[in-house]
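If you want the building blocks of each chain, they are given just below.
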Amino acid sequence: MEKPREWLREKSIAKKVLSDADVIFEIVDARIPFETRNSVIEQLAKERNKKLVIVMNKADLVPQWFARKVKKIIEKEFPVVLFSSHKNIGKREIDNLIKELSHKKKIIKIGVLGYPNVGKSSFINALKRKRVATTSPKPGMTRGEKLIKLYRNVYLIDTPGIITLEYQSDLALKCSWIPDKLEQPVEVAQKLIDRILRERPEALEETYGIEPDEEPLKTLEKIGKKLNYVISGGKIDLERAARKVLWDWIKGKIKAYWI
Ligand SMILES: Nc1nc2c(ncn2[C@@H]2O[C@H](COP(=O)(O)OP(=O)(O)OP(=O)(O)O)[C@@H](O)[C@H]2O)c(=O)[nH]1
């Protein structure tokens, strides 16, 4: 398991936000909604009897039928809002929800929580209609919690990404770990490619103009070749190709998604 010390720090932030906030908006990545649902956050919210709303951010990266299908499943447990911080999706629904929640309260604090890189800061900026929170494709850019005034009586709590105790490789597949910091990028990229080959192989064709091979490593080689990532002796620089694929996944350039 990776970085237990940091994880403990993050868990204590989650606990603090969960006791300070009246409501929790859990942000998930609409492409991989179930992988980016955070069991620690959901468990803590249940224990503390806090209302939790799941915001499926990056909805612009998935087709509508997929987003609706996921929403229907998750709604059996929690309310769900489809959202995009980049395109105008879900903003009015969130605004209405906030109005409803703040109707009877003098001041309401909304904790914005989720894995690193799911778009918590982008979500806050989209609601605020300006940049108040730092965004970046690099996971882990938000440090410490920050209270942001949204309306006269509504505050948002911006937080760093909360992970659970898990392997770097699994975090990388969730876009929550910087590919450059991975010790085995080729293995991780193979895992990602394997999943994409099972779920939506055409995404690799669309992104890299290659015909995917059913073997992930061979597909990675084809991608490296296509990108001209060649090292001495004409060999393909697989590490470079692996990091490129993982970054493209983080940046939403590979149009794959799954339940
Ligand atoms: N396509 C798309 N990309 C998005 C959306 N929201 C955020 N992103 C991108 O996702 C990346 C991460 O966004 P952030 O808002 O920095 O994510 P965060 O959850 O605050 O990240 P940490 O600070 O690492 O916890 C950035 O590259 C954003 O541009 C969205 O709705 N659609």
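Residues numbered from 1 in each chain as written. Predicted model: local features only at pLDDT ≥ 70, side-chain atom pairs only at ≥ 80, totals over all residues.

Enquirer: What is the right way to read helix α5 (residues 120–128) from this model?
Expert: Most of α5 sits out of view: seven of its nine residues are buried. Looking at the buried positions of α5, the neighbouring elements they touch are β1 (23–29), β2 (51–57), α4 (91–102), β4 (108–113), β5 (146–151) and β6 (154–158). Positive phi appears at R129, one or two residues downstream of α5, with a value of about 60°. (Buried ≥ 20, exposed ≤ 12 C-beta atoms within 10 Å, placed from the backbone. Helix = DSSP H or I, 4+ residues; strand = E, 2+ residues; numbered from the N terminus. Contact = placed C-beta atoms within 7 Å.)

Enquirer: Just to check I follow, could you spell out the nonpolar core for this structure?
Expert: The nonpolar side chains of a soluble globular protein tend to be buried with one another. Core analysis: the largest hydrophobic core is formed by 63 residues, its most contacted members being M56, V112, V245 and L246. No other element matches the six residues that helix α10 (residues 238–250) contributes to this core. Two domains each put at least three residues into this core: domain 1 (4–158) and domain 2 (178–250). The contacts of L246, once residues within four sequence positions are left out, are A172, P179, P185, V188, A189 and L192. (Core = buried A, V, L, I, M, F, W, Y, C linked by C-beta atoms within 7 Å. Domains from an automatic or database assignment.)

Enquirer: Any chance you could explain the confidence of the model for the chain here in plain terms?
Expert: Low-pLDDT portions of the prediction should not be read for the details of their coordinates. In this model, the chain carries a mean pLDDT of 92, and residues with pLDDT of at least 70 account for 93%. Both confidence scores are given for the complex: pTM 0.93, ipTM 0.98. (pLDDT = per-residue confidence, 0-100.)

Enquirer: Please explain the pairing of β6 as it appears in this structure.
Expert: A regular strand places its side chains on the two faces of the sheet in alternate fashion. Bridge count between β4 and β6: five bridges; the pairing is parallel. Paired with K109 across the bridge in β6 is Y155. In this structure, β5 lies alongside β6, joined through five bridges in antiparallel fashion. Residue pairing across strands places Y151 opposite V154, the latter belonging to β6. Turn length for the β5-β6 hairpin, with the two strands adjacent in sequence and antiparallel, is two residues. (Pairing = 2+ DSSP bridges.)

Enquirer: How should I be thinking about the domain arrangement of the chain in this particular structure?
Expert: Bring the parts together and some accessible area is lost; that lost area is often taken as the interface size. Segmenting the chain into domains produces domain 1 (4–158) and domain 2 (178–250). Inter-centroid distance (C-alpha atoms) of domain 1 to domain 2 is 31 Å.

Enquirer: Is there a simple way to explain the environment of S121 in this structure?
Expert: Positionally, S121 belongs in helix α5. With 38 residues separating them in the primary sequence, S121 and T159 have C-alpha atoms 8.4 Å apart.

Enquirer: Please explain the packing of helix α9 (residues 216–226) against α10 as it appears in this structure.
Expert: When two helices pack together, their arrangement is captured by the angle between the axes and the distance separating the axes. One way to put it is that α9 packs onto α10 with a least axis distance of 9 Å and a crossing angle of 95°. Between α9 and α10, the angle is such that the two are roughly perpendicular. Contacts from L220, E221, I223 and G224 in α9 reach L238, A241, A242 and V245 in α10. (Axes fitted to C-alpha atoms, helices over the stretch in contact; angles between N-to-C directions. Parallel < 35°, antiparallel > 145°, perpendicular 65-115°, else oblique.)

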